[in-house]
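Next come the chains, spelled out residue by residue.
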Amino acid sequence: MRKSGILNKLTKVESTNKPFISIYLNAEPNEHGRDNFDVFLKKQLSEHQSNFEVDSEERESIDRDVERINEYVGKIRNSANGVAIFACAGEDDYFKTYEFDVPFEKNEFVVKNKPSIYPLARMVDQNPEFAVVLADSNNAKIYLMQRGKILNNEEIENEKYNRSEVGGWSQMRFQRHIDEMRKQHAKEVIDELEKIVRDEDIRQIVLAGNKDVVIPVLNEEMNDFLKERIVGTVRMEIDAPINEILEEATTAIKQFDTLKDKEKIEQLKDENYDEGKGVTGVAKTLEALVNGQVQELYLTAKFDEIEYNEKDVKEILKAYAPGDDNEMPSAKNSQEIADDMLSRALESAERIRFIEDENLLEEFGGVGALLRYTMSANQN
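Report follows, based on the coordinates. (Residues numbered from 1 in each chain as written. Predicted model: local features only at pLDDT ≥ 70, side-chain atom pairs only at ≥ 80, totals over all residues. Heavy atoms only, no water.)

Side note on the packing of aromatic side chains
Using the criterion set out here, one finds seven aromatic pairs in the structure. Plain terms: the ring middles of Tyr24 and Phe104 are 4.9 Å apart, the flat faces sit at 65° to each other, and that makes the pair edge-to-face. Pair noted here: Tyr24 is in strand β1 (residues 20-26) and Phe104 is in the loop between β3 (94-100) and β4 (108-112), with a separation of 80 residues, a long-range link. When its relative accessible area of 2% is taken as the criterion, Phe104 is described as buried. With a centroid separation of 5.8 Å and an interplanar angle of 75°, the aromatic rings of Tyr118 and Phe303 are classed as edge-to-face. One end of the pair, Tyr118, is in helix α4 (residues 118-126); the other, Phe303, is in the loop between β11 (294-300) and α10 (310-320), with 185 residues separating them in the sequence. The same class applies to Tyr118 and to Phe303, which are both buried. Clustering of aromatic rings is evident, with ring pairs tying together Tyr24, Phe86, Tyr98, Phe100 and Phe104. Against the face of Phe225 rests Arg198, its NZ or CZ located 3.7 Å from the ring centre. (Phe/Tyr/Trp six-rings, centres within 6.5 Å; stacked < 30°, edge-to-face > 60°. Helix = DSSP H or I, 4+ residues; strand = E, 2+ residues; numbered from the N terminus. Buried < 20%, exposed > 50% of the residue type's maximum accessible area, 1.4 Å probe, protein only. Lys NZ or Arg CZ within 6 Å of the ring centre and 35° of its normal.)

A few points about the sheet that holds β4
Spatial ordering of the open sheet is given by β3-β2-β1-β4, a layout of four strands whose pairing is antiparallel. What marks the edges here is a single partner per strand, and that holds for β3 and β4. Looking at each pair of strands side by side, their axes are set apart by 10° on average, direction ignored. Note: β1 against strand β2 (residues 82-88), six bridges, orientation antiparallel. Following the sheet pairing, Leu25 is matched in β2 by Val83. (Pairing = 2+ DSSP bridges. Axes fitted to C-alpha atoms, helices over the stretch in contact; angles between N-to-C directions.)

Laid out in structure tokens, this is it:
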């Protein structure tokens, strides 16, 4: 997952003794073109209001939040598919809203002492921007996409050529001319692609076209910077409809991510031994995070699948964060523990990866990490 400015801001919000509300809404329209979150939101707001005594500071804070949330949801733009709301009126009147073109998997409503970031971090990880290069011998289209949406596109067209029915040296010279034209066309496409990838910080590229002719020529012109970002190739005609391009590219990226997840967890297993650079389970991973050892954090895509020994986790939290217990995440609450690990990883880890296949991390309670160094190596 690429680090997000929104996530970084949310992790810096300090704990409070007032109820802090985090809401995630799937705002995709149903078959009738309407949102489905209204009933969910109304029910959750009412239930959580009733959890606090009338005239208390907590109730005063949440009453103000409910008022502002109800006022805001009536103004959500029609094109938004995902909505995140963070509110705590009792803490400097905190109220932040974010609207996204991609949806959250489901509606979620969380009240604790600081923002809940797990659903947002997962959404960011699942929806990276990627580039698709669709090319034939004299035309090319470069698309920037994100989960089936075109963000931008560039078209490149070069002089067309036809083969002549000639023989001998003339045919050989003409073939060399064709090859030079293809190479020049490929170079122009790759130069434009590199500019886009660098400017937009794109991490994944899908090549589309004739796998026997065009794609090999494109590959020849690529430097290592681009080659390491290629995640798949698909056979496709230059005039393919856009929905087909989106579908094929998305499938290629999903296949790549699935294989990459398996490779990463296999590497984690290989390194998961005493003094190895791999740890598994919530307790050991949390300990590595507070020590700043974690290079890559791996989390199951669903926080409610995270399992751990509550006593072990509580001991680690107390050992590394002594003081006011109210500022520590509750060891009983898997979402609070997941949020705490994410916050620490956003500060110090190079990568956070959500593992979609629940079976890959199941034996480890849904959590693991590759380390920069072991503690014994650091102490020597």
